[in-house]
Amino acid sequence: KYAEIVFCGFGEPTYRLDALLEICDYVHAHGGKTRMNTNGHGNVINGRDIAPLLVGRMDGINISLNASNAELYKSLCRPLFAEASFDALIAFAKACKNAGLNCWFSVVDCIGAQEIAACRKLADETGVPLRVREMIT
């Protein structure tokens, strides 16, 4: 019925990895596409590199970068995994890229031009594209 199924919203989709993969398989078997909006903590949550499991299942992965460095990320997002969260996010993005997955970072434009530029530099260094989303008010 739908051309694309997007895993997003309240909560991190990779907490229910088995269900996520099962649904992706179902959607693809019926001709659909899948996309995930994630905080990039899936490897930490699941205790292993999950990128290989997403190959052939996830057509697009939006990784919410939100900040250009660990300190700012921690203060803005208050992540569950504290200090390890930002590095885990970057490592997940690299793992997805290296697995050949269609992935990108995103930030919302309300963070300001200077922070967007810093995020763009980080994205370029990581080799993962950056998309700047407009703040919806």
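A few points on the structure.

So, the environment of threonine 126
(1) Moving on: If you trace the backbone, threonine 126 turns up in helix α6 (residues 113–126).
(2) Moving on: When its relative accessible area of 8% is taken as the criterion, threonine 126 is described as buried.
(3) Moving on: Sequence separation between threonine 126 and isoleucine 90 is 36 residues, and the spatial gap between their C-alpha atoms is 7.7 Å.
(4) Moving on: Side-chain polar atoms of threonine 126 contact the backbone oxygen of leucine 122, separated by 2.7 Å.

Notes on the nonpolar core
(1) Moving on: Leu54, Ile61, Leu65 and Phe105 are the most contacted members of the largest nonpolar core, which totals 32 residues.
(2) Moving on: Every element with two or more residues in this core is listed here: α1 (17–29), α3 (51–54), β3 (60–64), α5 (84–98), β4 (103–108) and α6.
(3) Moving on: Per-element accounting of this core gives the leading share, seven residues, to α5.
(4) Moving on: Excluding its chain neighbours within four sequence positions, the residues that come into contact with leucine 54 are Leu20, Leu21, Met36, Ile61, Phe92 and Leu101.

Let's talk about the pairing of β3
Remark: a regular strand shows side chains that alternate across the two faces of the sheet.
(1) Moving on: Within β3, five of the five residues are buried, which leaves the element mostly enclosed by the surrounding structure.
(2) Moving on: Here β3 shows a buried face lined by Gly60, Asn62 and Ser64 and a second buried face lined by Ile61 and Ile63.
(3) Moving on: Both strand β2 (residues 33–38) and β3 contribute to a ladder of four bridges, which runs parallel. Residue pairing across strands places threonine 38 opposite isoleucine 63, the latter belonging to β3.
(4) Moving on: With four bridges connecting them, β3 and β4 associate as parallel partners. Bridging from a neighbouring strand, asparagine 62 pairs with tryptophan 104 of β4.

Comments concerning the sheet that holds strand β1 (residues 4–7)
Sheet strands line up and pair through hydrogen bonds in the backbone, either parallel or antiparallel.
(1) Moving on: Read from one edge of the open sheet, five strands run β1-β2-β3-β4-β5, paired in parallel fashion. A strand with exactly one partner marks an edge of an open sheet, and here the two such strands are β1 and β5 (130–133). Taking each pair of neighbouring strands and ignoring which way they run, the sheet shows an average axis angle of 25°.
(2) Moving on: Each of β1 and β2 is contacted by α1, which is oriented at about 150° to β2, the strand it contacts most.

Cut-offs and rules
Residues numbered from 1 in each chain as written. Predicted model: local features only at pLDDT ≥ 70, side-chain atom pairs only at ≥ 80, totals over all residues. Heavy atoms only, no water. Helix = DSSP H or I, 4+ residues; strand = E, 2+ residues; numbered from the N terminus. Buried < 20%, exposed > 50% of the residue type's maximum accessible area, 1.4 Å probe, protein only. Polar contact = N/O pair within 3.5 Å; in protein donor to acceptor, adjacent residues only side chain to side chain. Core = buried A, V, L, I, M, F, W, Y, C linked by side-chain atoms within 4.5 Å. Contact = heavy atoms within 4.5 Å. Pairing = 2+ DSSP bridges. Axes fitted to C-alpha atoms, helices over the stretch in contact; angles between N-to-C directions.

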